[in-house]
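So the chains spell out like this:
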Amino acid sequence: MDLEPKRKVKINQKRNRLIIRSSILFILIGAVIFTLISNSKDDNMVYRVGDKAPDFKLTQINENNQLDMLQLSDLEGKGVMLNFWATWCKPCEEEMPYMQELYPKYKDKGVEIVAVSLDSTELVVNGFVDKYDLTFPIPHDQAGEIRDLYKVGPLPSTFFINPDGEIEEYISGALSLESLESYLQDIMPQE
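Residues numbered from 1 in each chain as written. Predicted model: local features only at pLDDT ≥ 70, side-chain atom pairs only at ≥ 80, totals over all residues. Heavy atoms only, no water.

## Side note on the pairing of strand E5 (residues 157-161)
With five of its five residues buried, E5 lies for the most part within the structure. On E5, burial covers both faces: Ser157, Phe159 and Ile161 on one face and Thr158 and Phe160 on the other are all buried. Across five bridges, strand E3 (residues 79-85) lies against E5 in antiparallel orientation. Within the sheet, the bridge partner assigned to Phe84 lies in E5 and is Ser157. In this sheet, strand E6 (residues 167-172) lies alongside E5 in antiparallel orientation, the contact comprising five bridges. Within E6, the residue paired with Phe160 across the bridge is Glu169. (Buried < 20%, exposed > 50% of the residue type's maximum accessible area, 1.4 Å probe, protein only. Helix = DSSP H or I, 4+ residues; strand = E, 2+ residues; numbered from the N terminus. Pairing = 2+ DSSP bridges.)

What follows is the structure, encoded as structure tokens:
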């Protein structure tokens, strides 16, 4: 007779442990799902045409410019071509001479070309800058923070930002001289 009550107690203890463990598991699963959903909303923020371009500050690595640091908000009132590139990217390399050719002409018209390098070392970028004699600002995003901020995928990727700081156009892939000039004309400040 003593066995039966002990057995019931053990069964009740097992059932209680199962209920407690299951409750904890459901709470943890709920917390994980909530965290994933909350974070995915922020992480998946993709900037589109008409959105305000997010501000950033990076060190420039080419010595042809007077500024050590470049901050996007300092260019407010100008059109900005924000290009993401790397030296190992062949399409990026092909469009650099077009950017250099148009830079002096459009700089005088209130348009700035900013080419954010995603390379790992400045030495490689400096060699590339010298090879093409690039004079437009080239900030270095070694850690990839700005690339992540703008959700840049394939290279080259280019954001054309109007003088009000809004994204006017986004292009993924290399640009021809003609298309590049057309986009630069679209973001020129109105006189």
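Further notes follow.
## Topic: the nonpolar core
One finds Leu82, Phe84, Phe136, Ile138, Tyr150 and Leu184 to be the most contacted residues of the largest nonpolar core, which totals 46 residues. Every element with two or more residues in this core is listed here: E3, helix H2 (90-107), strand E4 (111-117), helix H3 (122-132), E5, E6 and helix H5 (177-186). Looking at this core, the element that brings in the most residues is H2, giving six residues. If we skip the residues at most four places from it in the chain, Phe84 touches Val116, Leu118, Ile146, Arg147, Tyr150, Val152, Leu155, Pro156, Ser157 and Phe159. (Core = buried A, V, L, I, M, F, W, Y, C linked by side-chain atoms within 4.5 Å. Contact = heavy atoms within 4.5 Å.)

## Points about the state of the cysteines
Per the counting criterion, the structure on display carries one disulfide. With a sulfur-sulfur separation of 2.3 Å, Cys89 is cross-linked through a disulfide to Cys92. The disulfide joining Cys89 to Cys92 has a torsion of about 80° about its S-S bond and is therefore right-handed. The exposure class of Cys92 is buried, given its relative accessible area of 0%. (Disulfide = S-S within 2.5 Å.)

## Here we look at the pattern of salt bridges
The final tally for this structure, using the stated rule, is six salt bridges. Between Glu181 and Lys105 there is a salt bridge whose closest N-O contact spans 2.6 Å. Note that Glu181 is positioned in helix H5 and Lys105 in helix H2, a separation of 76 residues in sequence. For Lys105, a relative accessible area of 40% gives the class partly exposed. Two residues, Glu112 and Lys107, come together in a salt bridge whose shortest N-O distance is 3.4 Å. Because the salt bridges share partners, they merge into one network encompassing Lys78, Lys107 and Glu112. (Salt bridge = Lys/Arg side-chain N within 4 Å of Asp/Glu carboxyl O.)

Interpretation note: all reported values are geometric properties and have no functional meaning in isolation.
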